[in-house]
Amino acid sequence: MERVTAPFAAMDGERIRLRLHWGGAFHQAAVPGASATSEWRYIGGEVFNESIAVCIKYADLCLQLNNKVGYTTSIKYQAPGEELNPNELVSITGDDDLAELWDEYVQALQRPDTAVKTFRVRVFLFAALNEKVDAARPPAVRAFD
């Protein structure tokens, strides 16, 4: 299977479908029937279903997300097909990371077990700074560590 790379393989108008999680927390929960096994869950907060243009720039995405939740945010996602683990989330800190997200999205859609019509990448937003975004003044967009 040939690997699709972004943004050059993307067609105009193509979008990445996301499930954004904001304001909740990660917790470990015991797996029923297993004595020492636990799995991570994200509990609480808000969930938004969004889609973004493949050609969006990192600074523009940050601005949109900051305005949506009212805070300056850092962005991380769960790699498609991976178990949820907050220590293994992939950080998005620039345009190259968005290209990688597109690549992983396309690969996930090509898997035979993926429900193409409903598939979304899970994205988690975290308050990068403990300050609200002033609606009268656009937030500063910066790369996050």
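Structure: see above.
Residues numbered from 1 in each chain as written. Predicted model: local features only at pLDDT ≥ 70, side-chain atom pairs only at ≥ 80, totals over all residues. Heavy atoms only, no water.

1. A word on the overall build of the chain
Within the chain one finds two helices and seven strands. Counting from the amino terminus, the chain carries its helices and strands in the arrangement β-β-β-β-α-β-β-α-β. By the burial criterion, 35% of the 145 residues in the chain qualify as buried. Contacts in the chain between residues at least 24 apart in sequence constitute 70% of all its contacts with a sequence separation of at least 6. As displayed, the chain offers around 8900 Å² of accessible surface, 49% of which is attributable to carbon and sulfur atoms. (Helix = DSSP H or I, 4+ residues; strand = E, 2+ residues; numbered from the N terminus. Buried < 20%, exposed > 50% of the residue type's maximum accessible area, 1.4 Å probe, protein only. Contact = heavy atoms within 4.5 Å. Areas by Shrake-Rupley, 256 points an atom, 1.4 Å probe, with all protein chains shown as cover.)

2. Remarks on helix H2 (residues 95-110)
Its 16 residues give H2 an end-to-end C-alpha distance of 23 Å, which sits within 8% of 22 Å, the value for a rise of 1.5 Å per residue. Taken together, the buried positions of H2 are occupied by Leu98, Ala99, Leu101, Trp102, Asp103, Glu104, Tyr105, Val106 and Ala108. (Expected span 1.5 Å × (residues − 1).)

3. What to know about the packing of aromatic side chains
What the rule picks out here adds up to seven aromatic pairs. The ring centre of Phe48 lies 4.6 Å from the NZ or CZ of Lys68, which sits over that ring. Its end group placed over the ring of Phe126, Lys76 keeps NZ or CZ at 5.9 Å from the ring centre. (Phe/Tyr/Trp six-rings, centres within 6.5 Å; stacked < 30°, edge-to-face > 60°. Lys NZ or Arg CZ within 6 Å of the ring centre and 35° of its normal.)

4. Brief notes about empty space enclosed by the protein
As enumerated under the stated definition, the model contains one cavity of 30 Å³ or more in all. Taken together, Leu18, Leu20, Ile52, Leu61, Leu65, Ile75, Ile92, Leu98, Leu101 and Val123 form the lining of the largest cavity. Among the secondary structure elements, those contributing two or more residues to the lining of the largest cavity are strand E1 (15-22), helix H1 (58-69) and H2. When the residues that make up the lining of the largest cavity are grouped by side-chain class, the tally is 10 nonpolar, no polar and no charged. (1 Å grid on protein atoms, 1.4 Å probe; cavity = no way out; pocket = protein on both sides within 12 Å on 5 of 7 lines; lining within 4 Å. Points joined across faces, edges and corners; volume = space filled by probe spheres on them. Nonpolar A, V, L, I, M, F, W, Y, C, P; charged D, E, K, R; others polar.)

5. A short note on the pattern of salt bridges
In this structure the tally under the stated criterion is two salt bridges. The residue Arg41 makes a salt bridge to Glu39 at a minimum N-O spacing of 2.9 Å. (Salt bridge = Lys/Arg side-chain N within 4 Å of Asp/Glu carboxyl O.)

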